[in-house]
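# Descriptive analysis of the structure
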Amino acid sequence: ELGQTLERMAQTLRDQLPASRSGERGWVPPGTHPDPRPPDEADVVVVGGGVVGWSVAYWLKVLEGRRRHGMKVLVVERDPTYSRASTVLSAGGIRQQFSLRENIQMSRFSASFLRDINEHLGVPNEPPIDIQFQPSGYLFLASPQNAAALEATVQLQRDEGAQVTLLSPTQLKTKFPWINTEDVAVASYGLEDEGWFDPWTLLNAFRRKAISLGVQSCSGEVRGFVTSTNHMMPPGPSSARIKYVHVYMPDSLEYQPVACAIVVNAAGAWAGKLLEADGLPRGLCRPSLPIQPRKRYVFTWHCPNGPGLSCPFLVDTSGAYFRRDGFAGNYLGGMSPPEEEEPDPSDLSVDHDYFQEQIWPRLARRVPAFESLRVRGSWAGYYDYNTFDQNGVLGPHPRLENLFLAAGFSGHGLQHAPATGRAMAELLIKGRYETLDLRRLGWDRLVDGEPLEEHAVV
Ligand SMILES: Cc1cc2nc3c(=O)[nH]c(=O)nc-3n(C[C@H](O)[C@H](O)[C@H](O)COP(=O)(O)OP(=O)(O)OC[C@H]3O[C@@H](n4cnc5c(N)ncnc54)[C@H](O)[C@@H]3O)c2cc1C
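Description of the structure in this document. Remember, predicted model here, so these are calculated numbers, not experimental data.

Now for empty space enclosed by the protein. A complete count under the given rule lists two cavities of 30 Å³ or more for this structure. For the second largest cavity, the calculated volume is near 40 Å³. Phe109, Ala419, Arg422, Ala423, Glu426, Thr435, Leu436 and Leu438 are the residues that line the second largest cavity. With four residues, helix α11 (residues 413-430) is the single largest residue contributor to the lining of the second largest cavity. Here the lining of the second largest cavity is built from residues that sort into five nonpolar, one polar and two charged.

Here you go:
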């Protein structure tokens, strides 16, 4: 009798598991899927398995509710090692200090999500998630020319509920005695919900949870589409729907067509390139998506007499930035180059002269102790750079009816991934944004030629 009771309980539990509700397979162990090949069909195909793609997939399963037949969500990732993905090559920072209201709101949502990450992304019988969050404010330094703009931005951040304080040069020197305050008129310093964390852990946590909720994933590259065009408005087709996504198998010329209802372009720095893939009517892809890979270097160095434990994530008047990296006198930092000096993005090699000639002098000027730093390492990654206005493009494509965009975050996509995924899932499932109104991040601004600029791009 006890055995029968236990079996009934086990069956009840199995029925509660989301993957069982879809009526297909039983529970899928987190982190693996028995079939890495693409299925023949999916309700939603998410192209790109970086932090944004997996966040979208996770939120779709969360918001689908307890429907009898769960939504079939497929994440397609071409590189299971993530060797060039922006997510794992990022600096891991989160801040509230943006100049655009939507970006501040997304940061606030994400900070709260990360604080309760185990409630959101914890998986039964799996170890708890530790993203190694290091709470530490961002410290933006402004020159006399930029002081008024910084003060106005801080007011906006406060209006949105962010805890940010302004520091005069004297206050700055008192709080951070190791700073040279020359040419600094004012500084803004985040008092909560800022710091940095391990991006890889966040990506994995989204992936593990999404898979436990029934999301499928496969290795392969989306290189083509099949569309059906809508000829309602002459001359020529006015819009089209994607019917199939062609997923090319790794190291093969073979592809698997996946029939789908919705496609989400979460291909990061390659989101623009994806819209040039075979099968998409060229005329309908105008204006082209202005997202491209831009190479950014990160250098790490050792400096035993540097700022130490109180070191914030400092963004200098010159654009150079740095933060602490662990507790042993190590730091990391970098600097975006001016537009005309963008490095060749064809590979991820590092230009060491860039540190010696451009970054180091700026660092040493701001923190004299850095004159004696010793470089320890470096890497390069791609910003998913939106050349139009350095902000994410979120929402439906104007003429490819079932294609949705979630890319182009230009150096702040990691921290906004929890909010991006939620917003995209709301749009797809409920037909509108509910938590945050992100309509201004949509395609319209590209079509209308009206940039929505973010001034605090690091
Ligand atoms: C040096 C550096 C520092 C950064 N620092 C920060 C920071 O401090 N804070 C912050 O918030 N952000 C930061 N960023 C930006 C952040 O990393 C990105 O905005 C974010 O990771 C974008 O996530 P994603 O999922 O869109 O892109 P990715 O992580 O690049 O994922 C996209 C994935 O799509 C895959 N893909 C592309 N095309 C296809 C295709 N056709 N078929 C199948 N798969 C495809 C790629 O292989 C890739 O894995 C930094 C970036 C860099 C490079």
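There is more to say after this.
Within the open sheet, the eight strands sit side by side as β6-β7-β5-β14-β15-β16-β13-β17. Their pairing is mixed. The open sheet has two edge strands, β6 (164-167) and β17 (374-386), and neither has a second partner. Going from strand to strand, the sheet's axes swing by 20° on average, the running direction of each strand aside. Inspection of the sheet shows β6 paired to strand β7 (residues 186-190) by four bridges, in the antiparallel sense. Note that in β7 the partner of leucine 167 across the bridge is alanine 187.

Let us look at the site of the ligand. Inspection of the region around the ligand gives 36 residues, with Glu77, Ser86, Thr87, Gly93 and Gln415 positioned closest. In this structure, arginine 78 approaches the ligand through a side-chain N or O atom, which is 3.2 Å from an oxygen atom. Those elements that provide at least two residues to the shell around the ligand are α3 (51-63), β2 (73-77), β10 (221-230), β17 and α11. No other element matches the four residues that β17 contributes to the shell around the ligand. Per-class residue counts for the shell around the ligand are 17 nonpolar, 15 polar and four charged.

One can find threonine 81 in the loop between β2 and β3 (93-94). Spatially, the C-alpha atom of threonine 81 lies 22 Å from that of phenylalanine 409, the residues being 328 residues apart in sequence. At 2.5 Å, the side chain of threonine 81 and the side chain of aspartate 79 are in polar contact.

Pairs can form between side chains of opposite charge once their charged atoms are near each other. All told, the structure shown has 21 salt bridges when counted by the stated rule. The shortest N-O distance in the salt bridge between arginine 101 and glutamate 160 comes to 2.4 Å. One end of the pair, arginine 101, is in helix α4 (residues 101-115); the other, glutamate 160, is in the loop between α6 (147-159) and β6, and 59 residues separate them in sequence. For arginine 101, a relative accessible area of 36% translates into the label partly exposed. With a closest N to O distance of 3.7 Å, glutamate 182 and arginine 365 form a salt bridge. Taken together, the residues span a long stretch of sequence, with glutamate 182 in the loop between α7 (169-175) and β7 and arginine 365 in helix α10 (residues 352-366) at a distance of 183 residues. Overall, the relative accessible area of 47% leaves glutamate 182 in the partly exposed class. In this structure, a network of salt bridges that share partners links the residues Glu182, Asp183, Asp316, Arg365 and Arg366.

What counts as what
- Residues numbered from 1 in each chain as written.
- Predicted model: local features only at pLDDT ≥ 70, side-chain atom pairs only at ≥ 80, totals over all residues.
- Heavy atoms only, no water.
- 1 Å grid on protein atoms, 1.4 Å probe; cavity = no way out; pocket = protein on both sides within 12 Å on 5 of 7 lines; lining within 4 Å.
- Points joined across faces, edges and corners; volume = space filled by probe spheres on them.
- Helix = DSSP H or I, 4+ residues; strand = E, 2+ residues; numbered from the N terminus.
- Nonpolar A, V, L, I, M, F, W, Y, C, P; charged D, E, K, R; others polar.
- Pairing = 2+ DSSP bridges.
- Axes fitted to C-alpha atoms, helices over the stretch in contact; angles between N-to-C directions.
- Near = heavy atom within 4 Å.
- Polar contact = N/O pair within 3.5 Å; in protein donor to acceptor, adjacent residues only side chain to side chain.
- Salt bridge = Lys/Arg side-chain N within 4 Å of Asp/Glu carboxyl O.
- Buried < 20%, exposed > 50% of the residue type's maximum accessible area, 1.4 Å probe, protein only.

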